[in-house]
Amino acid sequence: MTQLGRHSRPFRVRCTDPVSNPEFNPYLRRYEEFGSPVVLSREAANACGRWGQVFAQEQPVHLEIGSGNGFFLAGIAQVHPEWNVLGVEIRYKRIVTAAKKIRAFGVEDNARITRYDAWWLDEVFAAGELSGIYLNHPDPWPKEKHQRNRLLCPFFAEWAARTLKPGSEMRLKTDSLLNLRQLEAAIMDQPFEIVAQVEDIGRNGVPWPADEEITTNFQRKFQNMGLPVHGMVLRR
Ligand SMILES: C[S@@+](CC[C@H](N)C(=O)[O-])C[C@H]1O[C@@H](n2cnc3c(N)ncnc32)[C@H](O)[C@@H]1O
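Numbering of residues starts from 1 in every chain and runs along the sequence as written. Note on the predicted model: pLDDT of at least 70 is required for a residue's local features to be given, and 80 or more for side-chain atom pairs to be given and counted; whole-chain, interface and lining totals, by contrast, use all residues. Each side-chain value is derived from all of the structure's non-hydrogen atoms; neither hydrogens nor water enter the calculation.

### So, the overall build of the chain
- Each helix corresponds to a stretch of at least 4 residues labelled H or I by DSSP, and each strand to a stretch of at least 2 residues labelled E; elements are numbered beginning at the N terminus. Scanning the chain for helices and strands turns up 9 helices and 8 strands.
- On the principal axes, the C-alpha backbone points of the chain span a range of 45 × 40 × 35 Å.
- For the exposure calls, accessible area comes from a 1.4 Å probe over protein chains only, and a residue counts as buried if that area is under 20% of its type's maximum, exposed if over 50%, partly exposed in between. Burial statistics for the chain: of 236 residues in total, 50% are counted as buried.
- All accessible areas in this document rest on Shrake-Rupley with a 1.4 Å probe, and a residue is counted as covered only by the protein chains that are shown. Accessible surface for the chain amounts to roughly 11100 Å². Of this, 52% is attributable to carbon and sulfur atoms.
- Distance between charge centroids for the chain: 6 Å, based on 30 positive and 28 negative side chains. Residues scored as positive are Lys and Arg, those scored as negative are Asp and Glu, and His as well as the terminal groups of each chain are ignored. Note on charges: their place is set at NZ of Lys, CZ of Arg, CG of Asp or CD of Glu.

What follows is the structure, given as structure tokens:
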């Protein structure tokens, strides 16, 4: 962990598994009791360096950060049964929804969802443990006073470079030009190459294989409003 990293993270979202308090959040108990494909936070921390054992079989692990309702997570796991796909999400309700989607899509063998704060993923993965990272509409935090919350920063880029296997990809899909420009700037000192960038995937097509284009909730909202969705592919 670099000093810069420690200082540049925002206040930590609690990721130790809480004692159930359904009055606080009715989805908390459902998260705790769901069972597989939900991986509890404490199990995620213990899986560092051995994620293969958390899935039905050991295969390359791909990570989606901020999975929301799980459309992409379950969809990409269906397209790629030869991958293990893990989603990370912070909100209990969305974790439960994503877990149900994994079951509905029949991808319980190779898809999992866990609750972890994306700023602390260095606790969860060993160097070179990931074969792909997917960022679908990460929160842009456009106000200057919230700048500290923007995940796509040099600290994140350094972590991603360390955790991705050389030759593997990190992909960003976003409605926010700010997100795109920030990731571009963040990777400047890291061993990433921009292999494709698309201004509007609706007009220009996607910069990844067509069967890997899975429309997410937020993507649908923005496209329904006639707004462009940008895409970028980086190679480690
Ligand atoms: C704008 S939504 C996008 C959801 C989904 N990827 C989509 O495209 O529909 C951002 C998601 O990231 C999650 N998120 C925000 N901050 C997070 C953090 N620090 N760690 C993990 N997930 C986070 C939010 O709860 C939310 O579900």
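### Here's the deal with the packing of aromatic side chains
- Think of it this way: a Phe, Tyr or Trp ring, Trp meaning its six-membered ring, pairs with another when their centres are within 6.5 Å, and the plane angle makes it stacked under 30 degrees, edge-to-face over 60, tilted otherwise. Per the counting criterion, the structure on display carries 7 aromatic pairs.
- Between the aromatic rings of Phe125 and Trp159, the centroid separation amounts to 6.4 Å while the plane-to-plane angle is 50°, which identifies the pairing as tilted. Taken together, the residues Phe125 in the loop between strand S4 (111-115) and strand S5 (130-136) and Trp159 in helix H6 (residues 154-163) connect sequence positions 34 residues apart.
- Whether a charge lies above a ring is judged from NZ of Lys or CZ of Arg, which has to be within 6 Å of the ring centre and within 35 degrees of the ring normal. Above the face of the Trp120 ring, Arg9 is positioned so that its terminal group lies 3.7 Å from the ring centre.
- Lying over the aromatic face of Phe71, Arg220 brings its terminal NZ or CZ to 5.6 Å of the ring centre.

### Description of the site of the ligand
- Note on terminology: near, applied to a residue and a molecule or strand, indicates that one of the residue's heavy atoms is within 4 Å of it. Taken together, 15 residues sit near the ligand, with Gly66, Glu89, Arg94, Ala118 and Thr216 positioned nearest.
- N or O atoms closer than or at 3.5 Å make up a polar contact, with two conditions inside protein: a donor-capable atom paired with an acceptor-capable one, and, for residues adjacent in sequence, both atoms drawn from side chains. Taking Arg94, its side chain carries an N or O atom lying 2.7 Å from an oxygen atom of the ligand.
- Within the contact set of the ligand, an oxygen atom lies 3.4 Å away from a backbone nitrogen or oxygen of Asn217.
- Taking 590 Å² as the accessible area of the ligand by itself, protein coverage stands at 88%.
- Amino acids are sorted into nonpolar (Ala, Val, Leu, Ile, Met, Phe, Trp, Tyr, Cys and Pro), charged (Asp, Glu, Lys and Arg) and polar (every other residue, Gly among them). When its residues are assigned to classes, the shell around the ligand shows 4 nonpolar, 6 polar and 5 charged.

### A short note on the sheet that holds strand S7 (residues 193-198)
- One requirement defines pairing of two strands: DSSP has to find at least two bridges between them. With mixed pairing, 8 strands are arranged side by side in an open sheet as S1-S4-S3-S2-S5-S6-S8-S7. Two strands close off the open sheet at either side, each with one partner strand: strand S1 (38-39) and S7.
- Sheet topology note: the S7/strand S8 (residues 230-235) ladder contains 5 bridges and is antiparallel. Bridge pairing in S8 places Ala196 opposite Val233.
- We call two residues contacting when some pair of their heavy atoms lies within 4.5 Å. Simply put, an axis is a line fit to the C-alpha atoms, just over the touching stretch for a helix, and the angle between two N-to-C directions goes from 0 to 180 degrees. Lying over the sheet, H6 contacts strand S2 (61-65), S5 and strand S6 (164-174), oriented at roughly 140° with respect to S6.

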